[in-house]
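# Geometric and topological summary
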Amino acid sequence: MLPISVCIIARNEERHIEECLKALKPYHCEIVLVDTGSTDNTLTLAAGYTDQIYHFDWCDDFSAAKNYAVSKASNDWILSIDCDEYLESIDIKKLSALMERHPQKAGRILLRNRFRQDGLVSFEHVRLCRFFNRNCYHFTGKIHEQVTPKPACTNAEDAYNSEAVSGPCANVPISADTPDIPDRSPAMPAVNVPISVLHVGYDTSEEEMQSKSRRNIALLEQELKSAGPDAYLYYQLGQSCMKLKDYEKAYEWFYLGLSMDLEPSQDYVQNMVESYGYCLLDMKRFEEALGLENIYEVFAVRADFVFLMGLIYMNNGLFAEAIEAFEKCTTMEQFSVEGINSYRAFYNIGVIYECTGHADEARKYYKKCGGFGMAQSRLRELL
């Protein structure tokens, strides 16, 4: 049995809870479930998988609830997941070695976000700090809570050396050889761990997504009032507004966040820059979006930013530059959204060639997309 406690908070999660707990069963981990007021069948379903079930009075604070769950665990090593997250795999041998080698570092799991785009199922890959020793770490933040070090558990080995950049346009070089996917959380001592989790919470109805986004905005604005200016809160507010398709407001939040001192290698900063660019495209401010060329050298470390630049070039009629950007995407290993560095890039090149009257070239690139539905549709039209 792994000396790990899996801690989960729940409320009216009968749609997800059984699938979540069933995925944990093969690893024989202790499961601690804290309920914050379910009125559906959540507790009955959970009882079939664990007897470590507790109640927490909800107080609009996700960190408080998660820290309570951690306090009820029998083990010091904690894996924190949500009910709509299903464990896909753990490399027990590698994980055990990392636990022994880095006892005071948090672990970044691989989270695969499933969502729908253009009517198709897509996946986004991110790294999040969700695995940690509770003697060294705890949760902070009322919403979009983060694993952060406890003051008593810092030492020279764990010191994180980073240089902040002032605003999004500072020209700070970043290595293109950074291994794996950077953490979306604020900078902290952490190591990637061999744990993969599927998140299905974004693969839901538009109505449910909007309801959740409005709830998140209210909590984030409340926290912003008490915490003061905070780039990560601005980023999360912008993301929630984008889900509501309020691109003007999202743009305002992202602009505030990107005006602060930032560490470009942090995944949330990269996502904020890219989301800022997509807001400009959605608002049809195409020429203004070209300004992101000024930070190309800083943020073109993964295919997602280069793909965004390809779209910006397309919308400005710069087709040669767009093709070059999409071709570059297909040579890059680092990415967040699946297909950005392969079939999605090839598809957009095909679209450019088709729209400029080069049907043969268009067909060639559509064929490179494999079974991608939109490419198959264009091929049928061209044939």
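Starting afresh in each chain, residues are numbered from 1 along the sequence in its written order. Local features in a predicted model are, by the rule used here, given only for residues with pLDDT of at least 70; side-chain atom pairs are given and counted only at 80 or more, and totals for whole chains, interfaces and linings are based on all residues. With hydrogens and water set aside, each side-chain value is computed from the structure's full complement of heavy atoms.

## Some words on the overall build of the protein
The helix count covers DSSP runs of H or I at least four residues long, the strand count covers runs of E at least two residues long, and both are numbered beginning at the N terminus. A tally of regular secondary structure across the protein gives 15 helices and 12 strands. The buried label applies to any residue whose accessible area, calculated with a 1.4 Å probe on protein chains only, is under 20% of its type's maximum; exposed applies above 50%, and partly exposed to all values in between. Looking at the 383 residues of the protein, the share that counts as buried comes to 53%. For the protein, the accessible area works out to roughly 17600 Å², and carbon and sulfur atoms hold 49% of it. Residue exposure ignores everything except the shown protein chains as possible cover, and the areas themselves are Shrake-Rupley values with a 1.4 Å probe.

## Examining the packing of aromatic side chains
Here is the rule: rings of Phe, Tyr and Trp (six-membered ring for Trp) pair when centre to centre is within 6.5 Å. Planes less than 30 degrees apart are stacked, more than 60 are edge-to-face, and the remainder are tilted. One pass over the full model with this rule turns up 18 aromatic pairs. Summarising the aromatic geometry, the rings of Phe132 and Phe139 are spaced 5.6 Å apart at their centres and angled 85° between planes, so their arrangement reads as edge-to-face. Across this residue pair, the class does not change: Phe132 and Phe139 are buried. Each ring, one from Tyr347 and one from Phe372, has its centre 5.6 Å from the other, and the planes form 85°; the classification is edge-to-face. Here Tyr347, found in helix H13 (residues 343–355), pairs with Phe372, found in the loop between helix H14 (359–367) and helix H15 (373–382); they are 25 residues apart in sequence, far enough to count as distant. An identical accessibility class is assigned to Tyr347 and Phe372; each is buried. Site record: aromatic cluster; members linked through ring pairs are Tyr343, Tyr347, Tyr366 and Phe372. A ring is considered to have a charge above it if a Lys NZ or an Arg CZ atom is located within 6 Å of its centre and within 35 degrees of its normal. Of note, Arg112 hangs over the ring of Phe123, and the distance from its end group to the ring centre comes to 4.6 Å. When the ring centre of Tyr251 is taken as origin, the NZ or CZ atom of Arg285, which lies over that ring, is 4.5 Å away.

## Regarding the confidence of the model for the protein
The pLDDT value expresses, per residue, how confident the predictor is, ranging between 0 and 100. Mean pLDDT over the protein stands at 88; residues scoring 70 or higher make up 89%. Contact definition: two residues touch when any of their heavy atoms are within 4.5 Å. In this model residues 155–187 is a low-confidence stretch, pLDDT under 50, and it forms 85 contacts with partners more than four residues away in sequence or in other chains.

## What about the pattern of salt bridges?
Salt bridge, as used here: a side-chain nitrogen of Lys or Arg that lies within 4 Å of a carboxyl oxygen of Asp or Glu. Counted according to the given criterion, the structure contains 17 salt bridges. Here Arg134 and Asp76 are joined by a salt bridge, their closest N and O atoms 3.0 Å apart. Taken together, the positions of Arg134 in the loop between strand E7 (120–133) and strand E8 (137–140) and Asp76 in the loop between helix H3 (62–71) and strand E4 (77–80) put the pair 58 residues apart, joining distant regions of the chain. On the basis of relative accessible area, Asp76 is assigned to the partly exposed category, the value being 32%. Residues Asp304 and Arg302 are paired through a salt bridge, measuring 3.8 Å at the closest nitrogen-oxygen approach. For Arg302, a relative accessible area of 1% corresponds to the buried category.

## A word on the pairing of strand E1 (residues 4–10)
For E1, the tally of buried residues reaches 7 of 7 residues, placing the bulk of the element in the interior. Every second residue of E1 is oriented toward a common face, with Ile4, Val6, Ile8 and Ala10 on one face and Ser5, Cys7 and Ile9 on the other, all of them buried. We call two strands paired when DSSP finds no fewer than two bridges between them. Pairing of E1 with E4, which is carried by 4 bridges, proceeds in the parallel orientation. Looking at the pairing, Val6 lines up with Leu79 of E4. Here E1 pairs with strand E2 (residues 30–35) via 6 bridges, running parallel. Bridged to Ile8 within E2 is Leu33. Between the parallel elements E1 and E2, the chain passes through helix H1 (residues 17–24) in a crossover that is right-handed. If the strands point away from the viewer and the path from the first strand over the helix to the second runs clockwise, then the crossover is right-handed.

## As for the packing of helix H6 (residues 231–243) against helix H8 (residues 267–282)
Helices that pack against each other are described as a pair by the angle of their axes relative to one another and the distance between those axes. H8 packs onto H6 with a crossing angle of 40° between their chain directions and a minimal axis gap of 10 Å. Between H6 and H8, the interaxial angle falls into the category oblique. Here H6 and H8 pass one another in a crossing that is left-handed. Only Tyr268, Asn271, Met272, Ser275, Tyr278, Cys279 and Asp282 of H8 make contact with H6, whose side of the interface consists of Ala231, Tyr232, Tyr235, Gln239 and Met242. Classification convention: Asp, Glu, Lys, Arg as charged; Ala, Val, Leu, Ile, Met, Phe, Trp, Tyr, Cys, Pro as nonpolar; all other residues, Gly among them, as polar. Per-class residue counts for the contact of H6 with H8 are 8 nonpolar, 3 polar and 1 charged. Axes, fitted as lines to C-alpha atoms, cover a helix only where it is in contact. Angles between the N-to-C directions of the axes lie from 0 to 180 degrees. Put simply, angles under 35 degrees are roughly parallel, angles over 145 are roughly antiparallel, angles from 65 to 115 are roughly perpendicular, and the rest are oblique. It is the rotation of the near helix from the far one that decides the hand of a crossing: anticlockwise by less than a right angle makes it left-handed, clockwise makes it right-handed.

## Digging into the nonpolar core
A general tendency of soluble globular proteins is for nonpolar side chains to be buried together. The biggest cluster of nonpolar side chains holds 88 residues, and the ones touching the most others in it are Phe132, Phe254, Tyr268, Leu292, Phe305, Ile312 and Phe326. The leading source of residues in this core is helix H11 (residues 303–315), at 10 residues. Ile4, Cys83, Leu95 and Leu98 belong to the second-largest nonpolar core, a separate cluster that totals 37 residues. Buried Ala, Val, Leu, Ile, Met, Phe, Trp, Tyr and Cys residues form a nonpolar core when they are joined through side-chain atoms within 4.5 Å.

## A short note on the side chain of Ser213
Considering the arrangement of structural elements, one finds Ser213 in helix H5 (residues 206–227). For Ser213, a relative accessible area of 2% translates into the label buried. Excluding anything up to four places from it in sequence, Ser213 contacts Ser240, Lys243 and Leu244.

## So, helix H7 (residues 247–258)
A helix is expected to reach a length of 1.5 Å times the quantity of its residues less one. When the terminal C-alpha atoms of H7 are compared, their 16 Å separation across 12 residues agrees well with the 16 Å that a helix rising 1.5 Å per residue should span. Those residues of H7 not exposed but buried are Ala250, Tyr251, Trp253, Phe254, Gly257 and Leu258. Viewed along the axis of H7, the buried residues span an arc of 165°, placing them on a single side of the element. Buried positions along H7 lie against H5, H6, strand E12 (261–262), H8 and helix H9 (286–289). Note: the arc covers the axis-to-C-beta directions of the helix.

## Let's talk about the side chain of Asp61
Looking at the secondary structure, you find Asp61 in the loop between strand E3 (53–55) and H3. For this analysis, a polar contact is any N or O atom pair within 3.5 Å, provided that within protein one partner can donate a hydrogen and the other can accept it, and provided that sequence-adjacent residues contribute only side-chain to side-chain pairs. At 3.1 Å, the side chain of Asp61 and the backbone nitrogen of Ser63 are in polar contact.

## Some thoughts on H14
Listed as buried for H14 are Ala362, Tyr365 and Tyr366. Within H14, the buried residues cover an arc of 100° as seen down the axis, which keeps them to one side. For H14, the exposed residues lying more than 90 degrees away from the buried face are Asp360 and Lys367. At its buried positions, H14 is contacted by helix H12 (319–329), H13 and H15.

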